[in-house]
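# Secondary and tertiary structure notes
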Amino acid sequence: MTVPIAGTDLVFPVHRIYCVGRNYAAHAREMGADPTREPPFFFCKPADAIVNVAPGTIGAFPYPSETKNCHYEMELVVAIGKGGRDIAAEQALDHVYGYALGLDMTRRDLQARMKETGKPWDIGKGFDHAAPIGPIHRAADVGHLAKGAIWLELNGTQKQKGDLSDLIWSVAETIAHLSKFFELAPGDLIYTGTPEGVGAVVRGDRMHGGIDGLGEFVVDVI
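Structural notes, computed from the coordinates. This structure is a prediction, so every number in the text was calculated from the model and none was measured.

### Comments concerning the overall build of the protein chain
Along the protein chain, the regular secondary structure elements total 6 helices and 18 strands. For the protein chain, whose C-alpha radius of gyration is 16 Å, the value lies close to the compact-globule estimate of 17 Å for 222 residues. Its C-alpha atoms give the protein chain principal-axis dimensions of roughly 40 × 40 × 30 Å. The proportion of buried residues among the 222 residues of the protein chain is 52%. If you take every contact in the protein chain between residues at least 6 apart in sequence, the share linking residues at least 24 apart comes to 76%. By element, 51% of the accessible surface of the protein chain is carried by carbon and sulfur atoms, the whole surface being about 9700 Å². Charged side chains in the protein chain number 21 positive and 28 negative. The centres of these two groups are separated by 4 Å.

Written as structure tokens, this is what we have:
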């Protein structure tokens, strides 16, 4: 799988997709968790869960099977350009190639059932089409994003609104911690967590999200 690179004819080959759980305090609270700076935790999605949303187009998210409660989660995505293990936070941004808009789609009812029984979240998070993404904007072009609005509207009604400065674990800290457990590689994507206001979608819904400095995208549920 590849993701287009904004302003170029190039593409970014995807290696792995890592996701950070509960990385905004208000979202942690709405999910019933304590938003303290306990070590971040991670889960993965398969690389072929990517759904590319090109600028000026409307992306399509097929409603997944075996769920009656599929949720949107608007997120900043970090694209890794230089790999490494045990990366120091002070050098972590040197490993970032760029940033993108992303949606971490979640079969919330299945995730909740797995949590209750102490089983892995895979069927709740790692299903087909679960990772819509916009084009990657090179850090050389947009800089490193540490603040700025992140938001999502559902059918024209605002549901999520936060700021990147509200991340419990910054991009640099997230990369540093993740690299203790995995050797990061060029092509890795990190979905960095979502603000409060997550909720369910149904077929026919339209998700419209954006992040300051990265533009906007639109994804329809089909």
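Once the structure has been displayed, the description carries forward.
### Examining helix α3 (residues 108-116)
The set of residues buried in α3 consists of R108, L110, Q111 and M114. The buried residues of α3 all sit within an arc of 160 degrees when viewed along its axis, so they share a single face. Elements that come into contact with the buried residues of α3 comprise β7 (70-72), β10 (106-107) and α4 (122-125). The positive-phi residue at the C-terminal boundary of α3 is G118, with phi of around 70 degrees.

### Here we look at the nonpolar core
Residues I175, L189 and M207 are the most contacted members of the largest nonpolar core, which totals 58 residues. The greatest single-element share of this core, amounting to 6 residues, is contributed by strand β8 (residues 74-80).

### Description of the side chain of T174
Mapping T174 onto the fold places it in helix α6 (residues 171-181). Overall, T174 belongs to the buried group, its relative accessible area being 2%.

### Some thoughts on the packing of aromatic side chains
Using the criterion set out here, one finds 5 aromatic pairs in the structure. Here the aromatic rings of F43 and W121 are separated by 5.6 Å at their centres, their planes lie at 45 degrees, and the arrangement is tilted. Placement of the pair is F43 in strand β4 (residues 41-45) and W121 in the loop between α3 and α4, with a sequence separation of 78 residues. Here the aromatic residues F41, F43 and W121 are joined through ring pairs into a cluster of three or more. The ring of F127 carries K45 above its face, with NZ or CZ at 5.8 Å from the centroid.

### Remarks on the environment of H129
Following the sequence through the fold, H129 ends up in the loop between α4 and β11 (131-133). Residues H129 and A49 lie 80 residues apart in sequence; the distance between their C-alpha atoms is 4.5 Å. In this view, H129 contacts A49, V51, F61 and P62; residues no more than four positions away in its chain are not counted.

Conventions and cut-offs
- Residues numbered from 1 in each chain as written.
- Predicted model: local features only at pLDDT ≥ 70, side-chain atom pairs only at ≥ 80, totals over all residues.
- Heavy atoms only, no water.
- Helix = DSSP H or I, 4+ residues; strand = E, 2+ residues; numbered from the N terminus.
- Rg over C-alpha atoms; globule rule 2.2 N^0.38 Å.
- Buried < 20%, exposed > 50% of the residue type's maximum accessible area, 1.4 Å probe, protein only.
- Contact = heavy atoms within 4.5 Å.
- Areas by Shrake-Rupley, 256 points an atom, 1.4 Å probe, with all protein chains shown as cover.
- Lys, Arg positive; Asp, Glu negative; His and termini not counted.
- Charge placed at Lys NZ, Arg CZ, Asp CG, Glu CD.
- Arc of directions from axis to C-beta.
- Core = buried A, V, L, I, M, F, W, Y, C linked by side-chain atoms within 4.5 Å.
- Phe/Tyr/Trp six-rings, centres within 6.5 Å; stacked < 30°, edge-to-face > 60°.
- Lys NZ or Arg CZ within 6 Å of the ring centre and 35° of its normal.

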